[in-house]
Amino acid sequence: MAGRFVRSSKYRHVFGRSTRKEQCYDNLRISTNAWDTNLVKVNPQYLSVNWETAGGGAFAVIPTNETGKLPERFPLFRGHTAVVFLWRVPEGFTLHTDAEQVTDIAPIGKLSGHPRKVGHVLFNPAAENVLASASGDFSVKIWDIEAGSSKLTLKLGDVVQSLSWSANGSLLVTTSRDKKLRIWDVRQEKPVHETQGHSGAKNSRAVWMGEHDRIATTGFSKMSDRQLALWDARAPREPINGFKVLDSISGVCVPYWDDGTQCLYLAGKGDGNIRYFEYENDKFEYLSEYKSSDPQRGIGFMPKRGVNMHENEVVRAFKTVNDTYIEPISFIVPRRAEVFQDDIYPPTTGIKPAMSSGEWFEGKEALPPKIDMASLYEGEGLKELPADAVPAPKKAPATPAAPAEHPKEQVQKPQEEQEAKPIRPAVVSPPRDNMKEQGASMAAMVSKFADEEEKADDADDSSSFEEVSKPVERAPTISVSATDAQPLSSPPGLWKARKPEAAKPIPSIANPPPSVHVPNLPITTPGVVTPTVDDFSAISREPIFKEMEQIKTLLAEQTKAMAAQAKQMAILAAEIDSLKAKLG
């Protein structure tokens with residue numbers, strides 16, 4: 001373990017939790033004839049999914065609280081006779097109705113301009129009623145919904161595979177079948193950067209990483225390996241640290257960026273796995289992977305304002321299963337959640353835009369206002385915050401310790417206390433820990449060594465990395481102190497040094513052994529006794545010799561106990577070496 005580093009992260013142990021079938025959205029008929037899109041979109045109130053119908057173009061809207069098996073017939077959103085339609089979900093919309101005739105939901109408007117089928121639509125995150133649409137005519141149109149017209153057109157020259165807005169809505173990144181990655185100054189209708197993306201023939205995806213000037217892409221190599229890449233939006237000549245190979249699975253990876261946790265989630269189409277990475281120091285640090293035997297073809301992610309903060313849920317994904325039901329997957333930070341966890345729930349993007357469509361088309365740039373996640377946790381509703389709001393730092397708990405205005409006094413205080421203690425003669429004490437205590441100590445050391453990697457995650461350290469400390473092996477020691485005023489502890493049942501009583505005019509043996517302290521003797525200087533022959537003849541020798549014999553016997557027992565301790569510690573040391581070999 002020496003020299004090994006463990007990265008500190010509060011998301012290191014995030015895990016994905018599946019949902020019981022009765023809490024899923026069952027009895028669906030998900031479309032099998034659609035572009036390479038995510039198929040599913042979701043917000044805290046509704047989720048929508050492309051529906052399998054004759055002629056195509058229909059989709060279902062499902063209230064998120066209406067789980068279980070859906071009715072055989074319920075209102076669909078239909079009416080496609082043009083390339084882009086607009087719908088509004090009716091107030092109080094539900095799938096369960098007593099009406100004999102089910103009435104589908106008609107669109108409230110249409111946007112005509114693309115001569116061919118539209119595959120992607122995406123609202124601007126900062127401007128109200130500004131919509132981007134990508135079509136089979138190899139172009140992206142920017143719509144002013146309020147005016148009902150297309151005001152800008154981005155010409156790519158090939159099929160658009162994905163598009164993603166920057167946080168302030170001024171730039172747009174696209175990937176296309178010509179394997180080019182383009183970053184567009186949308187209002188100038190031209191790319192500010194164009195570079196070679198993933199070289200594979202299969203589809204590539206791009207996602208703008210929130211307020212960072214970074215873009216994440218997924219795609220394939222020429223050898224059909226799935227890849228992940230990180231790009232600098234200011235100079236995307238080549239990916240930062242190159243293309244990272246993920247695996248050799250053939251399905252497209254759908255990327256999702258979570259700005260709150262600074263994590264990137266990758267959901268593979270055709271497999272049931274969702275892996276996730278933490279963005280740190282211009283790298284994607286692998287965290288873990290949610291694995292499932294149920295493959296997904298479509299997936300959507302809940303906005304942050306819709307997660308369950310009372311269970312420390314940071315992300316919730318909705319995956320299609322067998323094109324018949326949608327299953328929610330909760331990603332949870334494993335910690336206690338009695339109070340609001342402000343470190344994992346910073347202010348997040350709300351529902352209010354930063355500007356109108358007219359202001360945006362005139363050139364305005366701004367980030368949308370944020371909302372306070374704590375207000376949602378407390379049930380107070382949406383509390384708006386400025387766009388540049390950051391979470392307030394946690395207040396450290398109050399401690400009874402005195403403030404550190406005078407560090408010099410704090411350093412001197414222990415020394416003053418020590419000098420105030422009375423001085424006693426030097427006495428050799430037996431080992432302070434008995435066999436049981438030392439065995440427990442060594443066991444704790446082994447446990448600490450085995451769990452060191454997990455303990456490193458919870459350390460409150462300003463550094464991104466911390467070194468796992470090597471456990472210290474302890475050996476039995478005999479402490480000698482000439483200034484210790486407190487009685488030294490000894491193992492139960494073993495000899496203890498008795499504290500000398502007040503000086504009496506009784507002489508004793510000159511120069512006693514260093515490990516023996518004879519009681520009831522006058523000692524004027526530590527370690528020095530000055531009796532006389534007459535005084536010695538005045539006392540009885542029998543009690544002294546008897547006590548010395550007892551001391552010899554106890555010392556012999558101590559020697560045996562220490563030998564047994566040494567043997568046990570050798571065994572424990574061998575076990576530690578074995579654990580080091582396994583963990584190293």
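Here the structure is a predicted model, which is why all the values come from computation and not from measurement.

K.L.:
Help me understand the overall build of the protein chain in this model?
P.N.:
The helix and strand tally for the protein chain stands at seven helices and 34 strands. For the protein chain, long-range pairs separated by at least 24 residues make up 54% of all intrachain contacts whose partners lie at least 6 apart in sequence. As displayed, the protein chain has an accessible area near 31,800 Å², and 51% of this comes from carbon and sulfur atoms.

K.L.:
Quick question: what am I supposed to make of the packing of aromatic side chains here?
P.N.:
For any two aromatic rings, the description comes down to two numbers: the centre-to-centre distance and the angle of the planes. For the structure on display, the rule yields 20 aromatic pairs. A ring pair is formed by W257 and Y279, whose centres lie 6.2 Å apart and whose planes are at 75°; its orientation type is edge-to-face. You can see W257 sitting in strand 22 (residues 253-258) and its partner Y279 sitting in strand 24 (residues 274-280), a full 22 residues away along the chain. Assigned by exposure class, W257 and Y279 land together as buried. Seen in terms of ring centroids, F340 and Y377 are 5.5 Å apart; in terms of plane orientation they differ by 55°. Their pairing is tilted. Of the two residues, F340 sits in the loop between strand 28 (325-332) and strand 29 (348-349) while Y377 sits in helix 2 (residues 373-377), which places them 37 residues apart along the sequence.

K.L.:
For this particular structure, what's the right way to read the pattern of salt bridges?
P.N.:
Any two side chains of opposite charge can pair, given that their charged atoms come close. In total, this model carries 30 salt bridges according to the counting rule given. Through salt bridges with shared partners, a single ionic network connects D213, R214, D232, R234 and D282.

K.L.:
What am I meant to see in the sheet that holds strand 18 (residues 205-208) here?
P.N.:
The pairing of strands in a sheet comes from backbone hydrogen bonds and takes either a parallel or an antiparallel form. Taken in spatial order, the four strands of this open sheet run 18-19-20-21, and their pairing is antiparallel. Two strands close off the open sheet at either side, each with one partner strand: strand 18 and strand 21 (240-247). With strand direction ignored, the average angle separating the axes of adjacent strands in the sheet is 20°. In this structure, strand 18 lies alongside strand 19 (residues 214-220), joined through four bridges in antiparallel fashion. Its bridge partner being in strand 19, A206 is matched across the sheet by T217.

K.L.:
I would appreciate a short explanation of the side chain of N312 in the present structure.
P.N.:
Relative to the helices and strands, N312 resides in the loop between strand 26 (299-301) and strand 27 (313-321). Engagement of the side chain of N312 in a polar contact is seen with the backbone oxygen of R335, the distance being 2.9 Å.

K.L.:
Help me understand empty space enclosed by the protein in this model?
P.N.:
Overall, the coordinates contain eight cavities of 30 Å³ or more when judged by the stated rule. Volume-wise, the second largest cavity comes out at about 100 Å³. For the second largest cavity, the lining is made up of 14 residues, of which Q161, S176, K179, H198 and S204 are closest to its centre. Elements with a minimum of two residues in the lining of the second largest cavity: strand 15 (171-176) and strand 16 (180-185). Here the lining of the second largest cavity is composed, by residue class, of two nonpolar, eight polar and four charged.

K.L.:
Can you walk me through the pairing of strand 12 (residues 139-144) in this structure?
P.N.:
Within strand 12, six of the six residues are buried, which leaves the element mostly enclosed by the surrounding structure. Burial of the side chains of strand 12 extends over both faces: S139, K141 and W143 are buried on one face and V140, I142 and D144 on the other. In textbook terms, the turn of a hairpin is the stretch between consecutive antiparallel strands, and for strand 11 (residues 130-135) and strand 12 this stretch comprises three residues, one of which, F138, has a positive phi near 65°. Bridge analysis of strand 12 against strand 13 (residues 149-155) gives six bridges, and the strand direction is antiparallel. Residue D144 lies in a different strand from strand 13, and its bridge partner there is S149. Linking two consecutive strands that pair antiparallel, namely strand 12 and strand 13, is a turn of four residues; a positive phi of about 75° is found at G148 within it.

K.L.:
Explain the environment of H198 here, please?
P.N.:
Of note, H198 is situated in the loop between strand 17 (190-196) and strand 18. Setting aside residues no more than four positions away along its own chain, H198 makes contact with K179, S204, T217, T218, G219, F220, Q227, L228, A229 and F243. A distance of 2.8 Å separates a polar atom in the side chain of H198 from a polar atom in the side chain of T217.

K.L.:
Honestly, the environment of P347 in this entry has me stumped. Any pointers?
P.N.:
Along the chain, P347 turns up in the loop between strand 28 and strand 29. Looking at P347, the relative accessible area reads 15%, which means it is buried. Separated by 25 residues in the primary sequence, P347 and D372 have C-alpha atoms spaced 5.0 Å apart.

K.L.:
What's the story with unusual backbone geometry in this structure? I'm lost.
P.N.:
Most peptide bonds take the trans form, and the phi angle of most residues other than glycine is negative. The backbone of E189 sits at a positive phi, close to 55°, despite the residue not being glycine. With a phi angle near 55°, N281 is a residue other than glycine that sits in the positive phi range. Secondary-structure assignment places N281 in the loop between strand 24 and strand 25 (283-290).

K.L.:
What is the right way to read the sheet that holds strand 22 from this model?
P.N.:
On the basis of which strands lie adjacent, the open sheet formed by four strands has the order 22-23-24-25 and antiparallel pairing. Edge positions in the open sheet fall to strand 22 and strand 25, since each of these has one partner strand only. Averaged over all neighbouring strand pairs, the angle between strand axes comes to 25°, with direction disregarded. Pairing of strand 24 with strand 25, which is carried by seven bridges, proceeds in the antiparallel orientation. Across the sheet, the residue bridging to E278 is E285, located in strand 25.

K.L.:
Got a minute to help me understand the UniProt feature "repeat: WD" (unreviewed entry) in the protein chain in this structure?
P.N.:
UniProt's entry tags residues 111-153 and 160-194 with the feature "repeat: WD" (unreviewed entry), counted in the numbering of this structure. From the first C-alpha to the last, residues 160-194 spans 14 Å; its make-up is 0% helix and 66% strand.

What counts, and at which threshold
- Residues numbered from 1 in each chain as written.
- Predicted model: local features only at pLDDT ≥ 70, side-chain atom pairs only at ≥ 80, totals over all residues.
- Heavy atoms only, no water.
- Helix = DSSP H or I, 4+ residues; strand = E, 2+ residues; numbered from the N terminus.
- Contact = heavy atoms within 4.5 Å.
- Areas by Shrake-Rupley, 256 points an atom, 1.4 Å probe, with all protein chains shown as cover.
- Phe/Tyr/Trp six-rings, centres within 6.5 Å; stacked < 30°, edge-to-face > 60°.
- Buried < 20%, exposed > 50% of the residue type's maximum accessible area, 1.4 Å probe, protein only.
- Salt bridge = Lys/Arg side-chain N within 4 Å of Asp/Glu carboxyl O.
- Pairing = 2+ DSSP bridges.
- Axes fitted to C-alpha atoms, helices over the stretch in contact; angles between N-to-C directions.
- Polar contact = N/O pair within 3.5 Å; in protein donor to acceptor, adjacent residues only side chain to side chain.
- 1 Å grid on protein atoms, 1.4 Å probe; cavity = no way out; pocket = protein on both sides within 12 Å on 5 of 7 lines; lining within 4 Å.
- Points joined across faces, edges and corners; volume = space filled by probe spheres on them.
- Nonpolar A, V, L, I, M, F, W, Y, C, P; charged D, E, K, R; others polar.
- UniProt positions renumbered as here; feature names shortened; annotations may be inferred.

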